[in-house]
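# Observations on chain architecture
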Amino acid sequence: MELINVENFNEVIDFAKENPLTTAGVVLTGGQIATAEQIDAMISSAVLTAEKYYPAFQLVVYDNQSPNKAMQVAIAEAYGHA
């Protein structure tokens, strides 16, 4: 597993530089606290993002795919409906 990580590290960094990912967050200042709705939105966003990119990790680790190819699978949009 470590061999895979070392071999693919530079490719992952290059891909991340070329394809920045967005993150969600809430800026709180002046002693404010996040509302339940804001916390729920952040958790929902984190779970959806994890579900979106989990297949890419599986392809790299278990199928020895390149990180670049795996990320293309993860970021491909599904069209239509079931």
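Rules used in this analysis
- Residues numbered from 1 in each chain as written.
- Predicted model: local features only at pLDDT ≥ 70, side-chain atom pairs only at ≥ 80, totals over all residues.
- Heavy atoms only, no water.
- Helix = DSSP H or I, 4+ residues; strand = E, 2+ residues; numbered from the N terminus.
- Buried < 20%, exposed > 50% of the residue type's maximum accessible area, 1.4 Å probe, protein only.
- Contact = heavy atoms within 4.5 Å.
- Areas by Shrake-Rupley, 256 points an atom, 1.4 Å probe, with all protein chains shown as cover.
- Axes fitted to C-alpha atoms, helices over the stretch in contact; angles between N-to-C directions.
- Parallel < 35°, antiparallel > 145°, perpendicular 65-115°, else oblique.
- Left-handed = near helix turned anticlockwise from the far one by under 90°.
- Nonpolar A, V, L, I, M, F, W, Y, C, P; charged D, E, K, R; others polar.
- pLDDT = per-residue confidence, 0-100.
- Core = buried A, V, L, I, M, F, W, Y, C linked by side-chain atoms within 4.5 Å.
- Arc of directions from axis to C-beta.

### Looking at the overall build of the protein chain
Scanning the protein chain for helices and strands turns up three helices and zero strands. Counted from the first residue to the last, the protein chain has its helices and strands arranged as α-α-α. For the protein chain, buried positions account for 12% of its 82 residues. At a minimum sequence separation of 6, the contacts of the protein chain that also span at least 24 residues come to 46%. Carbon and sulfur atoms make up 59% of the accessible area of the protein chain, which amounts to about 6800 Å² in all.

### Some thoughts on the packing of helix α2 (residues 36-63) against helix α3 (residues 67-75)
Two elements in contact, α2 and α3, have axes separated by 8 Å at closest approach and are oriented at 150 degrees. By the angle class used here, α2 and α3 are roughly antiparallel. Crossing geometry of α2 relative to α3 is assigned as right-handed. Contact residues: α2 offers Lys 52, Tyr 53, Ala 56, Leu 59 and Val 60, while α3 offers Pro 67, Ala 70, Met 71, Val 73, Ala 74 and Ile 75. Of the residues contributing to the contact of α2 with α3, the split by class is ten nonpolar, no polar and one charged.

### Overview of the confidence of the model for the protein chain
Counting all residues, the mean pLDDT for the protein chain is 75, and 61% of those residues have values of 70 or more. The least confident element of the protein chain is helix α1 (residues 2-18), whose mean pLDDT is 59; the most confident is α2, at 86.

### Topic: the nonpolar core
Among the nonpolar cores identified, the biggest contains six residues, and these are Tyr 53, Ala 56, Val 60, Ala 70, Met 71 and Ala 74. At the level of elements, α2 and α3 are the ones that each hand at least two residues to this core. The residues touching Ala 74, leaving out its near neighbours within four places in the chain, are Lys 52, Tyr 53 and Ala 56.

### Details of α3
Among the residues of α3, Pro 67, Ala 70, Met 71 and Ala 74 are the ones counted as buried. Take α3 and look down its axis: the buried residues cluster within an arc of 100 degrees, on one side only.

### Quick word on unusual backbone geometry
For Asn 64, which is not glycine, the phi torsion reads 55 degrees and is therefore positive. Structurally, the position occupied by Asn 64 is in the loop between α2 and α3. For Asn 64, a relative accessible area of 60% puts it in the exposed group.

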